[in-house]
Amino acid sequence: MPPTLASLVHHSALKLTVRAGQDRLDVPVRWAHVSELADPVPYMEGGELLLITALKLDAEDPEVMRRYVKRLVGAGVVGLGFAVGVNYEDVPEALVAAARQEGLPLLEVPRRTPFLAISKAVSAAIAADQYRAVTAGFAAQRELTRRTLTDGPEGLLAALAVQVDGWAALYDASGAVVATAPEWAGRRAARLTADVQRLRERPAPASSVVGGAGNSEHPENADRVELHSLGTSRRPRSALAVGTAAALGTAERYAVHSAIALLTLTTERSRSLHEAGLRIDAAVLRMLLAGEPDHARTVAGDLYGGLLDAPFRIIVAESAPARARASTGAQSAHSAHSAHSAHSAHSAQAAGDALGVLTEIVESAAARSGEAVLAVPEGERLVVLATDGGAAVAACVEYTSALEAARPTPEPRTAGDEESLVVGLSAPSGPIAASAAYKQAEQALSVARRRGRVCVEHEHLAAGSVLPLLADDAVRAFADGLLRALRDHDATGRGDLVASLRAWLSRHGQWDAAAADLGVHRHTLRYRMRRVEEILGRSLDDPDVRMELWLALKATAPE
């Protein structure tokens, strides 16, 4: 136990006398501090026993003492020690009355007891408490290790529950309860499944505190429960819950940290095994894209369940640095450097952030629904093969839609976009057509980049219009150049050739209908179309010319 005011009062060498706050002596003391300032509050952290002689205080003025004590209580000071026989022969009644009014313990320090003795007593008690905690932590670590080696995770949970005087539970990747100790804690642990799932959405390592007395979210459970993610990979593979009646002490905290380390070792795949799994994922994907689905199934075995047999979709995602390198050529080094974003506070490279978050979301959704998913990172690109209509695809679409909704008006992406993520999603496909699905995802990715979108699904491209594809600077420049001579002609007031051309093309070359739209005679319209041919040097009988002119008119039309 840490030192308390009561333990200092009972210290035979200090000879302290309680003058106020006798009912609050069980408060822990974090430190003993000497200050003769009239206002020491700015230098207090809370939990201190403040020692004074009232050198600069009018300790006999009731109003001064009331304000002084009130500020000390507000700063979290747990006790006040007053040395008698220095500036005052006895503790002033004004100070005693103020301390009683505010409920602040007031200790009389005899002249023969130096403040240094009190500070040493507090320091020694704190050191002894820390030593006991460390010793108990090492003992708990040895016991937890022994139980883990002999009884596995179940034995570790049982030992941990004893160490913290509470209960412990282990959850799998989906948030389901795997084991609890004692057994009666199973029902309490099951109530926290949603909290465990929320914890898994955060980058590892992560922890949170739920429940506890007065917690409105879990009123049925008065336990204070700490949740800790387990694992070292980007997606936590399990979680540990520790329930206690009160906050953990130092020794209990050592025990919990030891349990986290041991459970991580027993539940996490080794790094080499994880890397081997990634190599298998990449090999299976290459075989599918090479048109060898049978070989891919042979290599995969049961790793992906029925993923390679059911209709699936391919997701291709890129982050800003990949696009920067693709678009700047010789300036790739500069672009890669400029692609670091505000997310770099969480990672060394912004590129890893965007793709890492997407991978986490897709894999977490798949794990919760029991789906198999194949995610292969390729530099600044991520390729995902997921079940069509499954939770992984839905999570990807939902996440990218949220990103898009939170962004201002979409604009075409450039090499300077630092935090952006671009995703292309193929149409449903099977193993035989995996290569075609991959090309569809790349095409959708390219369209998303040009349109300034976060995600584009290939299925939606054919269902829309070709006109949005004209929203490109190069297309507009071509259109302006093609129509410039006609616009210059119209600007001189010698006729409305652009409007006449638009009306004639929209009526598919029907003279009477187009002339009626313009309110002119058809001979006038024929004359104008001859002038268009003369100015442009092109024949309107050529369907390619008509197509180019129509697209140019659409590309330059006011919105």
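Every chain begins its residue count from 1, and numbering advances along the sequence as written. Local features are withheld for residues below a pLDDT of 70 in this predicted model, meaning they are given only at 70 or higher, and side-chain atom pairs are given and counted only at 80 or more; totals for whole chains, interfaces and linings count all residues. Just so you know, side-chain values use all the structure's heavy atoms and leave hydrogens and water out.

> Got a minute to help me understand the sheet that holds strand β3 (residues 48-52) in this structure?
Strand pairing in a sheet relies on backbone hydrogen bonds. The paired strands run either parallel or antiparallel. DSSP-based pairing: two strands are paired if at least 2 bridges between them are found. Going along the chain from the N terminus, every DSSP run of H or I of four or more residues is numbered as a helix, and every run of E of two or more is numbered as a strand. Spatially, five strands are ordered β1-β5-β4-β3-β2 in an open sheet, and the strand pairing comes out mixed. Since the sheet does not close on itself, it has two edges, and those belong to β1 (17-20) and β2 (31-34), each with one partner. Sheet twist, expressed as the average angle between the axes of neighbouring strands with direction ignored, equals 30 degrees. Bridge count between β3 and strand β4 (residues 79-83): four bridges; the pairing is parallel. Bridge pairing in β4 places I52 opposite F82. Contacts are assigned to residue pairs with any non-hydrogen atoms lying within 4.5 Å of each other. Angular values range over 0 to 180 degrees, each being the angle between N-to-C directions of two axes fitted as lines to C-alpha atoms, with helices fitted over their stretch in contact. Across the sheet, helix α3 (residues 93-102) touches β1, β4 and β5 (106-109), and the angle it forms with β1 is around 75 degrees.

> So what exactly am I meant to see when it comes to the environment of G430 here?
Residue position: G430 is located in the loop between β14 (421-425) and α14 (434-451). Buried means the residue's accessible area, taken with a 1.4 Å probe over protein chains only, is under 20% of the maximum for its type, while exposed means over 50%, and partly exposed covers the values in between. Of the residues examined, G430 reaches a relative accessible area of 24% and is grouped as partly exposed.

> I tried to follow the side chain of E48 on my own but got confused; where do I start?
Relative to the elements of secondary structure, E48 occurs in strand β3. Contacts described as polar in this section are N or O atom pairs within 3.5 Å, which, within protein, must combine one atom able to donate a hydrogen with one able to accept it, while residues neighboring in sequence count only if both atoms come from side chains. Side-chain polar atoms of E48 contact the backbone nitrogen of E45, separated by 2.7 Å. Ignoring sequence-local partners within four residues, the contact set of E48 consists of W31, G76, V77, V78 and G79.

> What should I look at first to understand helix α9 (residues 293-300) in this one?
Two residues of an α-helix separated by three or four positions point the same way, owing to the 3.6 residues in each turn. Considered for burial, the residues of α9 that qualify are P293, A296 and A300. An end-on view of α9 places all buried positions within 55 degrees of arc, on one side of the element. Exposed side of α9, more than 90 degrees from the buried face: D294 and T298 are the residues found there. Downstream of α9 by one or two residues, G301 has phi in the positive range, about 60 degrees. Note that the arc is defined by the directions from the helix axis to the C-beta atoms.

> Before we go on, may I ask you to explain the pattern of salt bridges in this structure?
Where charged atoms from two side chains of opposite charge come close, those side chains can pair. In what follows, salt bridge is the name for a side-chain nitrogen of Lys or Arg lying within 4 Å of a carboxyl oxygen of Asp or Glu. Scanning all chains against the criterion turns up 27 salt bridges. Across the pair R188 and D223 runs a salt bridge, and its minimum N-O distance is 2.4 Å. Pair noted here: R188 is in helix α5 (residues 186-190) and D223 is in the loop between β8 (207-211) and β9 (224-230), with a separation of 35 residues, a long-range link. Using a relative accessible area of 12% as the deciding quantity, one classes D223 as buried. What emerges from the salt-bridge pattern is a single network uniting R19, D90, E93 and E108.

> Explain the pairing of β3 to me, please; I cannot follow it from the model alone.
The side chains of a regular strand alternate, residue by residue, between the two faces of the sheet. The buried fraction of β3 is high, at five of five residues. The two faces of β3 match: E48, L50 and I52 on one face and L49 and L51 on the other face are all buried. Here β2 runs beside β3; their pairing, made up of four bridges, is parallel. What sits directly across from A32, in β3, is L49. Each parallel crossover has a hand, and for β3 linked through helix α2 (residues 62-74) to β4 it is right-handed. For a crossover, the right-handed case is the one in which the path from the first strand over the helix to the second runs clockwise, viewed with the strands pointing away from the viewer.

> Could you clarify how one ought to interpret unusual backbone geometry in this entry?
The omega torsion across A181 and P182 is -10 degrees, close enough to zero to call that bond cis. At D165, a position not held by glycine, the phi torsion is positive, near 55 degrees. The residue D165 is located in the loop between α4 (115-164) and β6 (167-171) in this model. The class of D165 is exposed, set by a relative accessible area of 70%.

> Would you mind going over the confidence of the model for the protein chain with me for this structure?
The predictor attaches a confidence to each residue, and that confidence, scored 0 to 100, is pLDDT. Here the protein chain averages 82 in pLDDT, and 85% of its residues register 70 or above. Every residue in residues 414-418 scores below 50 in pLDDT, and together they form 14 contacts with partners more than four places removed in sequence or on other chains.

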